[in-house]
Amino acid sequence: QLTHSFLRPPSLLPVMKNLSEVDCGESTSPRSLHGKTLFITGASRGIGLAIGLRAAREGANVAIAAKTITPHPKLPGTIFTAAEEINKAGGRGLALEVDVRDESSVQNAVDACVKEFGGIDILINNASAISLTPTEATDMKRYDLMHHINTRGTFLCSKVCLPHLKKSANAHILNISPPLNMESKWFGPHVAYTMAKYGMSMCVLGMAEEYKGIVGVNSLWPRTAIATAAVQNLLGGGEVVRASRTPEIMADAAWHVLTRTQQTCSGNFFMDDEVLASEGVTDLTKYNVDPSVPQTELTPDFFC
């Protein structure tokens, strides 16, 4: 059953859809991202790049919208290496240097994407900043960075892409953000980070209603830790990576969401394993970084 527990005062927040009651119907045509144009923020590595590569294998156009233009000692990949990977996978890659905090930077990147590919069908709001610090230890520059990239950046990229998305036959916005789980345990240890990530999810709640039937707006979140540079460098290193899944699970789950129809698939807070289960995929061992680690011993992600 595709459900997730959302705990909130019922008088303050609307009741969200139970995923088991949502008809996320498939298109009557074969499901494919062939010829579609994806604008993916933070796509020089990790989950964003994995989603782009999954689409590229079907012949999609992928705009790599990120900041990294020169190699970083601790972070693999640049917008140029990512675009090259997209091309090798069978798609058309476009490297775009973008700061999602800057309106003119986003507008210029979207304009360049539309000029190159003729439009935008899908926006993936993946760019994110993280700092798992308690209130008194949270520097305000770090607080501002998280909110400017996570919440403001998501809103800004959505705002600028929407005029083009509305022209697509099957438009989607997919935010890599968690369900709006209002349990206090997800706020107490790192309230600033939670606020910033939940801001991305609130964009889903509001824009799904605002653009109902016009653009499908959903979020997607992993059940377990995903082996990315952030996990390696900030969240525990090698041992946590070993007990993680690869970004490909998020890429496959995203594909299933993005190939559903915008009219019937919107306003949902999806978990990667639940999406795959709804498509008949229940053996997730292939996504393990270390296949010998039992599924029950994988590191859970936040907000689950």
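Since the structure is predicted, the reported quantities are computational estimates derived from the model, not experimental observations. (Residues numbered from 1 in each chain as written. Predicted model: local features only at pLDDT ≥ 70, side-chain atom pairs only at ≥ 80, totals over all residues. Heavy atoms only, no water.)

1. Observations regarding unusual backbone geometry
As a reminder, the rule being used: Only DSSP runs of H or I covering at least 4 residues are called helices, and only runs of E covering at least 2 are called strands; the numbering of each starts at the N terminus.
In this model, Phe303 sits at a positive phi of 70 degrees, which is unusual for a non-glycine residue. Positionally, Phe303 belongs in the segment after helix H9 (272–278).

2. Examining the packing of helix H1 (residues 46–56) against helix H8 (residues 248–258)
The cut-off we apply is this: As a rule, the C-alpha atoms of each element are fitted with a line to give its axis, helices using only the stretch in contact, and angles between N-to-C directions run from 0 to 180 degrees. Should an angle lie under 35 degrees it is considered roughly parallel, over 145 roughly antiparallel, and from 65 to 115 roughly perpendicular; all remaining angles are considered oblique. Crossings are assigned a handedness: left-handed for a near helix turned anticlockwise from the far helix by less than a right angle, right-handed for a clockwise turn. It only takes one pair of heavy atoms within 4.5 Å for two residues to be counted as in contact. Each residue gets one of three labels, nonpolar for Ala, Val, Leu, Ile, Met, Phe, Trp, Tyr, Cys and Pro, charged for Asp, Glu, Lys and Arg, and polar for the others, Gly among them.
Two elements in contact, H1 and H8, have axes separated by 8 Å at closest approach and are oriented at 50 degrees. Relative to H8, H1 is oriented oblique. The interaxial crossing formed by H1 with H8 has right-handed handedness. Contacts between H1 and H8 involve Ile47, Ala50, Ile51 and Arg54 on the former and, on the latter, Glu248, Met250, Ala251, Asp252, Ala254 and Trp255. When its residues are assigned to classes, the contact of H1 with H8 shows seven nonpolar, no polar and three charged.

3. What about H1?
The line we're drawing: Only protein chains enter the calculation, and the probe is 1.4 Å; a residue is then buried if its accessible area is under 20% of its type maximum, exposed if over 50%, and partly exposed in between.
Taking burial as the measure, the 11 residues of H1 include 10 buried ones, the bulk of the element. Within the sequence span of H1, burial applies to Ile47, Gly48, Leu49, Ala50, Ile51, Gly52, Leu53, Arg54, Ala55 and Ala56.

4. Some details on the packing of aromatic side chains
Short version of the rule: To pair, rings of Phe, Tyr and Trp, with the six-membered ring standing in for Trp, must have centres within 6.5 Å; the planes then decide the type, stacked if under 30 degrees apart, edge-to-face if over 60, and tilted in the middle.
A complete count under the given rule lists seven aromatic pairs for this structure. Here Phe187 and Tyr198 contribute two aromatic rings whose centre-to-centre distance is 5.3 Å and whose plane-to-plane angle is 90 degrees, an arrangement assigned as edge-to-face. Of this pair, Phe187 sits in the loop between strand S5 (172–175) and helix H5 (191–210) while Tyr198 sits in helix H5, placing them 11 residues apart in sequence. According to the relative accessible area criterion, Phe187 is partly exposed, its value standing at 21%. Given the relative accessible area of 3%, Tyr198 is considered buried. Ring centres of Tyr198 and Phe303 lie 5.3 Å apart, and the angle between their planes is 50 degrees; on these two criteria the pair is classed as tilted. On the criterion of sequence distance, the pair formed by Tyr198 in helix H5 and Phe303 in the segment after H9 is long-range, its members being 105 residues apart. Given the relative accessible area of 0%, Phe303 is considered buried. Chaining the aromatic ring pairs together yields one cluster made of Trp186, Phe187, Tyr193, Tyr198, Trp221, Phe302 and Phe303.

5. Concerning the confidence of the model for the protein chain
Stated precisely, the cut-off is as follows: The predictor's confidence in any single residue is recorded as pLDDT, a number from 0 to 100.
Here the protein chain averages 90 in pLDDT, and 89% of its residues register 70 or above. Here residues 1–23 scores under 50 on pLDDT; set against residues more than four positions off or in separate chains, the count is 47 contacts.

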